[in-house]
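Read off the chains here:
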Amino acid sequence: MTDRARLLEGLDPQQRAAVTAPRGPVCVLAGAGTGKTRTITHRIAHLVQRGLVVPQQVLAVTFTARAAGEMRTRLRGLGADGVQAQTFHAAAFRQLRYFWPRVLGEELWSLVEHKFRLVAQAAGRLGLSTDSDAVRDLASEIEWAKASLLTPERYPDAAARRGRDCPVPPESFVRLFEGYERAKNAAKVLDFDDLLLHTAALLEDSPEVAEEFRARYRTFVVDEYQDVTPLQQRVLDVWLGGRDDLTVVGDANQTIYSFAGAEPRWLVEFPRRYPKAEVVRLERDYRSTPQVVGLANRVIAAGGAADTSTGLTLVGQRPDGPAPGFEEYDNEAAEAAGLARAVARLAGEGVPLSEMAVLYRINAQSEVYEQALAEAEIPYQIRGGERFFARTEVRRAMSALRVAANGARREEELPSRVREVLAEVGLTGTAPTGGTARERWQSLNALAELADELFATDPEADLPRYVAELDTRAAAQHPPTMEGVTLASLHAAKGLEWDAVFLVGLVEGALPIQHAQGDETSVAEERRLFYVGVTRARRHLRVSWALSRGQGGGRRRRPSRFLAGLASGAAGHGRGGNRAGSGTRRRSAAARCRLCSAELTSEAETRTGRCADCPSDADEELLTRLRSWRRERARQLRVPAYVVFPDSTLLAIAERRPTDTEALADISGVGATKLERFGADVLSLVNGSA
Ligand code: ATP
Ligand code: MG
């Protein structure tokens, strides 16, 4: 079969129509998981393969860094390297760096990553509140105004028309906005929206620049087009300069940035703006099981007619899978511990950690889940693979590796040679706990594992070969897979997919978020966000929430209204059998420390049966034997060690020295399955006969 036929083979007839349409306007309007991103990446690859476009002349844009990374990975897989796939902002930044010095005769101003300080100063000068919530609200309002192409003077009218809830009186906001812009220009810095504004202005005002740009880029593709803002649309229009070689794909039901100015009308009206466009609608959902798809359809349908603007119902194409789970807990710590157990269980069943994601509404929610995963010794990562090669530790590691690769040859196998070099820049044997140190370690470890992979496929591979592989990947922005559960906000998860998705913290106030509860349009957007979350799952989907924040805090929270009618037992829909709670909810009475009787709070404490402050009375020698036994078993079963038993369970065994099955089963973390698989081994180790 020719490459060309192979490229078209994995597409259904509608997808194929969009992929093979001649250069010119194409619009794919379809629901989640129907293959929109697949269609555009195949379309690009197809055009490239047939020689209809040069890869360097294609510009593909999307909205989040992670989604752009996903697009690059897929393009690379299809042999379409060399195509620019970026966020709007990154593409604009790149263009400004090139054109700004030429047009303005000076270096590009630097970028302020966070406008908070500038906004706070401007607010302070006007005597407005400078507490951090107030400043954050003002900053978001500035962002909305700029994304909506509003100048300070035009803000009050437009804001009133849109029913914006301005954080301060509009006249004060106008002065704040002006003050902010003045201060920013005086400091010669740019904010994120300026990248787009200046790109548009530069191309609009300078015909030579526009001409040069348009000669360079001829084919444009926009993924997630439902989330385009007026400002981004203006940039797209100047890029095109009246040409129509534009493919857009999107799903109005996934509009989740209208709070920031996104407007799905450009997507919906595309066929009218380009009457010659090839318009394709897709309904087959290739991503998720019928169980997940069914839930997604119900989430959208429950939003009423206003929400189903595409009028499509998804039809699941994959084989059946498990029913989505709904789990209710008394407090957040219990919810997080339950999450960690569910993750470990799936890992035990063979689902790789990199194929699992924990998604929440806002980043501030992540901490409690991070803590539970860390306690259960389950690796996780918060930053995605995007910009992996730009990280400081990765850049340092690469230069160290390059130096080593240029040095004298050593008779050593690649994995140990690479680890030796990485040790010089901070790679330690085990992961440090918590925060940035842990993230740095994970990047370095990913580099080490890449060496393992390369060595496994090619035992002859040496350091120069490995460094060359890294360079290729860096050029294609193709980061190594990081072993670990992904933790991300729902917004950051857009466009991505995992085998298992855990939607956590689903209570009123979080989803819909507090400040969105006032009006119907904001609640509708929150519901779409829930739909985005549900549709990220290929097979396993688990939804959870906690009825109070802290322990013994009383039940002050209600499950998200979006759960009503989806899970029995949720959101006041307790129709008889409370499936939501059974089994996981409320573990009998609170566990207490066996040494000082204090109430135990964390998962690790419950396992060892004593609080973290009480001294361990473990049999050190037994612990050592248990550890080496675990290492061996994990190796045989090809699972990470914590899947056999986490450290805290081993410690509990070494402390309590159970001599029979009953005593062993009493130890938290030793369930029926573990007892059956490992019970005999552990007991013989304890009884000293191993
Ligand atoms: P979203 O709206 O969430 O961004 P999408 O419409 O972009 O979703 P894709 O990510 O392109 O959907 O596709 C979803 C999954 O289905 C991917 O794993 C993709 O490879 C697979 N898929 C899409 N089309 C087909 C097909 N015709 N045959 C087999 N698998 C497919
Ligand atoms: Mg997509």
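The structure presented is a predicted model; accordingly, all values stated were derived computationally and were not measured.

Now, about the overall build of the protein chain: what can you tell me, with residues and values included?
A count of helices and strands for the protein chain gives 28 helices and 16 strands. For a compact globule of 690 residues, the expected C-alpha radius of gyration is about 26 Å, and the protein chain comes in at 27 Å, within 12% of that figure. If one aligns the C-alpha atoms of the protein chain with their principal axes, the spans along those axes are about 85 × 65 × 55 Å. Accessible area of the protein chain: about 30,700 Å², with a carbon and sulfur share of 50%. In the protein chain, 92 side chains carry a positive charge and 92 a negative one; their mean positions are 2 Å apart.

Go over the packing of helix α15 (residues 290-302) against helix α22 (residues 520-534) with me, naming the residues and quoting the values.
Relative to each other, α15 and α22 sit at 175°, their axes nearing to 9 Å. The orientation of α15 with respect to α22, classified from their angle, is roughly antiparallel. Within the contact between the two elements, α15 uses Val 292, Leu 295, Ala 296, Val 299, Ile 300 and Ala 302 and α22 uses Arg 527, Phe 530, Tyr 531 and Val 534.

Lay out the site of ligand 1 with the relevant residues and their values.
Neighbouring residues of ligand 1: 20 residues in total, closest Lys 36, Arg 38, Arg 287, Glu 497 and Arg 536. Contact between ligand 1 and Gly 33: an oxygen atom at 2.9 Å from a main-chain N or O atom of the residue. Compared with its free state, where it exposes 630 Å², ligand 1 has 85% of that area covered by protein. Class assignment for the residues of the shell around ligand 1 results in 3 nonpolar, 9 polar and 8 charged. When residues of the shell around ligand 1 are assigned to domains, at least three map to each of domain 1 (3-94 + 202-282) and domain 3 (319-387 + 481-615).

Would you mind going over the pattern of salt bridges in detail, with residue names and values included?
Summed over the entire model, instances satisfying the criterion amount to 34 salt bridges. Overlapping salt bridges bring together Lys 146, Glu 181, Lys 184, Asp 191 and Asp 194 as one network.

Tell me what's going on with the sheet that holds strand β3 (residues 84-87), and back it up with residues and numbers.
With parallel pairing, 6 strands are arranged side by side in an open sheet as β3-β2-β6-β7-β1-β8. The sheet is open, and its two edges are formed by β3 and β8 (278-282), each paired on a single side. When strand polarity is set aside, the average angle formed by the axes of neighbouring strands in this sheet is 15°. For strand β1 (residues 26-30) and β8, the ladder comprises 5 bridges, and the chain directions are parallel. If you follow Val 28 over to β8, its bridge partner there is Val 280.

Kindly report on the domain arrangement of the protein chain, identifying the contributing residues and their values.
According to the domain assignment, the protein chain consists of domain 1 (3-94 + 202-282), domain 2 (110-187), domain 3 (319-387 + 481-615), domain 4 (390-476) and domain 5 (616-686). With centres defined by C-alpha atoms, the gap from domain 2 to domain 5 works out at 58 Å.

Give a detailed account of helix α2 (residues 13-20), specifying residues and quantitative values.
Taken together, the buried positions of α2 are Gln 15, Ala 18 and Val 19. Seen along its axis, α2 keeps its buried residues to an arc of 100°; they face one direction.

Outline a negative patch on the surface, listing residues and values.
A cluster of acidic side chains, namely Asp 137, Asp 165, Asp 519 and Glu 520, defines a negative patch on the protein surface. Residue placement: Glu 520 occurs in helix α22.

Before we move on, could you go through the nonpolar core and cite the residues and values that matter?
One finds Val 343, Met 356, Ile 378, Val 485, Phe 502 and Val 682 to be the most contacted residues of the largest nonpolar core, which totals 48 residues. Among the elements that make up this core, the one with the highest residue count is helix α16 (residues 332-348) (7 residues). Mapping this core onto the domain boundaries places at least three of its residues in each of domain 3 (319-387 + 481-615) and domain 5 (616-686). When near neighbours in sequence (up to four residues on either side) are disregarded, Val 485 contacts Val 343, Leu 353, Met 356, Ala 357, Val 358, Ile 378, Pro 379, Tyr 380 and Gln 381.

An account of empty space enclosed by the protein is needed here, citing residue identities and associated values.
Taken as a whole, this structure holds 4 cavities of 30 Å³ or more when the rule is applied. When its volume is computed, the largest cavity comes out at roughly 40 Å³. Around the largest cavity sit Leu 359, Tyr 360, Arg 361, Leu 490, Leu 503, Val 504, Leu 506, Leu 511 and Phe 530, which together line it. In terms of residue class, the lining of the largest cavity is made up of 8 nonpolar, no polar and 1 charged.

Describe the sheet that holds strand β14 (residues 485-489), and please don't skip the residues or the numbers.
What the 6 strands build is an open sheet, ordered β11-β16-β15-β12-β14-β13; its pairing is parallel. The open sheet has two free edges, formed respectively by β11 (325-331) and β13 (380-381), since each of these has just one partner strand. The pairing of β11 with strand β16 (residues 537-548) spans 6 bridges and is classified as parallel. Counted as the bridge partner of Tyr 329 is Ala 546 from β16.

Run through the pairing of β1, naming residues and quoting values.
Where burial is concerned, most of β1 is hidden: 5 out of the 5 residues are buried. Neither face of β1 is open: one carries Val 26, Val 28 and Ala 30, the other Cys 27 and Leu 29, and all of them are buried. Pairing of β1 with strand β7 (residues 246-250), which is carried by 4 bridges, proceeds in the parallel orientation. Looking at the pairing, Val 26 lines up with Thr 247 of β7.

How would you explain unusual backbone geometry if you had to name every residue and give the values?
A cis amide bond, omega -5°, links Leu 511 with the succeeding residue Pro 512. Relative to the helices and strands, Pro 512 is located in the loop between β15 (498-503) and α22. The phi dihedral of Lys 188 is positive, around 55°, even though this residue is not glycine. Tracing the sequence through the fold places Lys 188 in the loop between α9 (170-186) and β5 (189-190). At Arg 657, a position not held by glycine, the phi torsion is positive, near 40°. With respect to the secondary-structure elements, Arg 657 resides in the loop between α26 (647-656) and α27 (661-665). Arg 657 sits in the partly exposed class, given a relative accessible area of 37%.

Parameters and conventions
- Residues numbered from 1 in each chain as written.
- Chains lettered and ligands numbered in written order.
- Predicted model: local features only at pLDDT ≥ 70, side-chain atom pairs only at ≥ 80, totals over all residues.
- Heavy atoms only, no water.
- Helix = DSSP H or I, 4+ residues; strand = E, 2+ residues; numbered from the N terminus.
- Rg over C-alpha atoms; globule rule 2.2 N^0.38 Å.
- Areas by Shrake-Rupley, 256 points an atom, 1.4 Å probe, with all protein chains shown as cover.
- Lys, Arg positive; Asp, Glu negative; His and termini not counted.
- Charge placed at Lys NZ, Arg CZ, Asp CG, Glu CD.
- Axes fitted to C-alpha atoms, helices over the stretch in contact; angles between N-to-C directions.
- Parallel < 35°, antiparallel > 145°, perpendicular 65-115°, else oblique.
- Contact = heavy atoms within 4.5 Å.
- Near = heavy atom within 4 Å.
- Polar contact = N/O pair within 3.5 Å; in protein donor to acceptor, adjacent residues only side chain to side chain.
- Nonpolar A, V, L, I, M, F, W, Y, C, P; charged D, E, K, R; others polar.
- Domains from an automatic or database assignment.
- Salt bridge = Lys/Arg side-chain N within 4 Å of Asp/Glu carboxyl O.
- Pairing = 2+ DSSP bridges.
- Buried < 20%, exposed > 50% of the residue type's maximum accessible area, 1.4 Å probe, protein only.
- Arc of directions from axis to C-beta.
- Patch = residues over 30% accessible without salt bridge, like charges linked within 9 Å, V, L, I, M, F, W, Y side chains within 5 Å.
- Core = buried A, V, L, I, M, F, W, Y, C linked by side-chain atoms within 4.5 Å.
- 1 Å grid on protein atoms, 1.4 Å probe; cavity = no way out; pocket = protein on both sides within 12 Å on 5 of 7 lines; lining within 4 Å.
- Points joined across faces, edges and corners; volume = space filled by probe spheres on them.

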